[in-house]
Amino acid sequence: GQQLNQNPQSMFIQEGEDVSMNCTSSSIFNTWLWYKQDPGEGPVLLIALYKAGELTSNGRLTAQFGITRKDSFLNISASIPSDVGIYFCAGPTGNQFYFGTGTSLTVIP
Amino acid sequence: DAGVIQSPRHEVTEMGQEVTLRCKPISGHNSLFWYRQTMMRGLELLIYFNNNVPIDDSGMPEDRFSAKMPNASFSTLKIQPSEPRDSAVYFCASSLGIRGGYTFGSGTRLTVV
């Protein structure tokens, strides 16, 4: 199956700091999705990207579709405690999405 | 819409017992997915259905696992007999096509003792 590697695996940051994470794939995608999973809940879609180079924002979140189409980036500005959770990237092959290994984010008040 | 509804939220069972997990997808969605999440392996796709038909069950770990979708509004994932290594969180997700991504349920946390 597809290999989607996310970096870093985990992050511990102070409230108010900015966060950057990325996702790389072994093949080209035409769509990138970013999900967030709160503790004890299912993943929730944050941002969808459909075009190489596309930059899309959702509040304090900004995601970019890499030019090579093999990577994507997610930034969170001015982190707050409720940003804690696991962030997943996902990309499609055929009729299904493959999910990355996840980046676990801890925000220290 | 109430979203994807899974039941039960938590299940504790003894090894060897049969376990049935249930899922109600979002009305109008034509694809349904069952995932398993563990610390070691992350999110693993077990099986997915399109228009109630199983399309890819290559992720089902072994014959003890089976899934059905008798109609567009209901699916089950059954484990018989259950084993301790089946302990995980099982998610159901649904979608309409692929472009908009999946909507996940809240999951069923299964513990087999």
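Check the entry above for the structure.
In short, a report on the structure. (Residues numbered from 1 in each chain as written. Chains lettered and ligands numbered in written order. Predicted model: local features only at pLDDT ≥ 70, side-chain atom pairs only at ≥ 80, totals over all residues. Heavy atoms only, no water.)

Quick look at the sheet that holds strand 8 (residues 74-79) of chain B now. Residues and elements named next belong to chain B. The strand order across the open sheet built from four strands is 1-3-8-7, with neighbouring strands paired in antiparallel fashion. Among the strands making up the open sheet, the edge pair consists of strand 1 (5-7) and strand 7 (65-71). With strand direction ignored, the average angle separating the axes of adjacent strands in the sheet is 15°. By the bridge criterion, five bridges tie strand 3 (residues 19-24) to strand 8 in an arrangement that is antiparallel. In the sheet register, Leu21 faces strand 8, and the bridge partner there is Leu77. (Pairing = 2+ DSSP bridges. Helix = DSSP H or I, 4+ residues; strand = E, 2+ residues; numbered from the N terminus. Axes fitted to C-alpha atoms, helices over the stretch in contact; angles between N-to-C directions.)

Residue and element names in this part refer to chain A. Summarising the sheet, strand 3 (residues 19-25) and strand 8 (residues 71-76) pair through six bridges and their orientation is antiparallel. Residue pairing across strands places Thr24 opposite Asp71, the latter belonging to strand 8. Of the strand pairs in this sheet, strand 7 (residues 61-65) and strand 8 are connected by five bridges, and their pairing is antiparallel. Of the residues in strand 8, the one forming a bridge with Gln64 is Phe73.

With that settled, the discussion passes to the pattern of salt bridges. Residue and element names in this part refer to chain B. Within the structure shown, the criterion is met by eleven salt bridges over all chains. Residue Arg36 pairs with Glu44 through a salt bridge whose shortest N-O separation is 3.3 Å. You can call Arg36 buried: its relative accessible area is 10%. Overall, Glu44 belongs to the buried group, its relative accessible area being 15%. Across the pair Arg41 and Glu44 runs a salt bridge, and its minimum N-O distance is 2.7 Å. Take Arg41: its relative accessible area is 58%, and that puts it in the exposed class. One network of salt bridges, with partners in common, ties together Glu62, Arg64, Glu83, Arg85 and Asp86. (Salt bridge = Lys/Arg side-chain N within 4 Å of Asp/Glu carboxyl O. Buried < 20%, exposed > 50% of the residue type's maximum accessible area, 1.4 Å probe, protein only.)

All names here are of chain A. On the basis of which strands lie adjacent, the open sheet formed by five strands has the order 1-3-8-7-6 and antiparallel pairing. Where the open sheet ends on each side, the last strands, each with one partner, are strand 1 (4-7) and strand 6 (55-58). Pairs of neighbouring strands in the sheet enclose a mean axial angle of 15°, with direction left out of account.

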